[in-house]
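# A look at the structure
As a plain string of letters, each chain reads:
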Amino acid sequence: MELSAKELALAKETVGGLLEQLGLTAYLFEVEPRAGRWQVRIECALDSAWQSSVLAVDEGLLRASRTDATARRRLLDEWGQRLTVAQHTER
């Protein structure tokens, strides 16, 4: 897959918007292309502790989440559950 700077910027903007909607108080993230998927590496503060997670996201689903409320809700639900599970397993 040949990735343009515009596609990468758009993916980062989309991921940033989704993370904002999750209501995280503090976070850092990076988006990397991986064979038809995006890999999102995130470090975020939950319950006064920082955690690291890696989320794999289908390119089409991430793109759709920009305009499709169902796709956006699906990603928010998945990511919210993953981050909560990671938080509880690190204790």
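In what follows, the accompanying structure is described. (Residues numbered from 1 in each chain as written. Predicted model: local features only at pLDDT ≥ 70, side-chain atom pairs only at ≥ 80, totals over all residues. Heavy atoms only, no water.)

## Details of the overall build of the chain
Within the chain, the secondary structure is distributed over 3 helices and 3 strands. Listing every helix and strand of the chain by position from the N terminus yields α-β-β-β-α-α. For the chain, the C-alpha radius of gyration of 13 Å lies close to 12 Å, the compact-globule estimate for 91 residues. Burial status across the chain gives 33% buried among its 91 residues. Sequence-distant contacts in the chain: of pairs separated by 6 or more residues, those separated by 24 or more amount to 39%. Accessible surface, the chain: about 5700 Å² in total, of which carbon and sulfur atoms supply 50%. (Helix = DSSP H or I, 4+ residues; strand = E, 2+ residues; numbered from the N terminus. Rg over C-alpha atoms; globule rule 2.2 N^0.38 Å. Buried < 20%, exposed > 50% of the residue type's maximum accessible area, 1.4 Å probe, protein only. Contact = heavy atoms within 4.5 Å. Areas by Shrake-Rupley, 256 points an atom, 1.4 Å probe, with all protein chains shown as cover.)

## Quick word on the packing of aromatic side chains
Scanning the model with the defined rule gives 1 aromatic pair in all. With a centroid separation of 6.2 Å and an interplanar angle of 35°, the aromatic rings of Tyr27 and Phe29 are classed as tilted. Judged by relative accessible area, Phe29 falls into the partly exposed class, the value being 27%. (Phe/Tyr/Trp six-rings, centres within 6.5 Å; stacked < 30°, edge-to-face > 60°.)

## Things to note about the pattern of salt bridges
Where charged atoms from two side chains of opposite charge come close, those side chains can pair. Counted by the stated rule, this structure contains 7 salt bridges. Three or more residues are tied together by salt bridges with common partners; here these are Glu32, Arg34 and Arg41. (Salt bridge = Lys/Arg side-chain N within 4 Å of Asp/Glu carboxyl O.)

## Comments concerning the sheet that holds strand β1 (residues 27-34)
What the 3 strands build is an open sheet, ordered β1-β2-β3; its pairing is antiparallel. Each end of this open sheet is capped by a strand with a single partner; those strands are β1 and β3 (49-58). Geometrically, the sheet is characterised by an average inter-axis angle of 15° between neighbouring strands, direction not taken into account. Against the sheet, helix α1 (residues 5-21) makes contact with β1 and β2 (37-46), and its axis sits at roughly 140° relative to β1, the strand it touches most. (Pairing = 2+ DSSP bridges. Axes fitted to C-alpha atoms, helices over the stretch in contact; angles between N-to-C directions.)

## Here's the deal with the nonpolar core
Residues Val15, Leu24, Ile42, Val57, Leu62, Leu75 and Trp79 are the most contacted members of the largest nonpolar core, which totals 20 residues. When contributions to this core are tallied by element, the ones reaching two or more residues are α1, β2, β3, α2 (59-64) and α3 (69-89). Every residue in contact with Trp79, bar those within four places of it in the chain, is listed here: Val15, Leu18, Leu19, Leu22, Leu55 and Val57. (Core = buried A, V, L, I, M, F, W, Y, C linked by side-chain atoms within 4.5 Å.)

## Points about the side chain of Thr14
Assignment of secondary structure puts Thr14 in helix α1. Given the relative accessible area of 8%, Thr14 is considered buried. Aside from chain neighbours lying at most four places away, what touches Thr14 is Leu62, Ser65 and Arg66.

## Digging into the pairing of β1
Sheet topology places β1 next to β2; 8 bridges connect them, and they run antiparallel. When the bridges of β2 are listed, Leu28 appears paired with Glu43.

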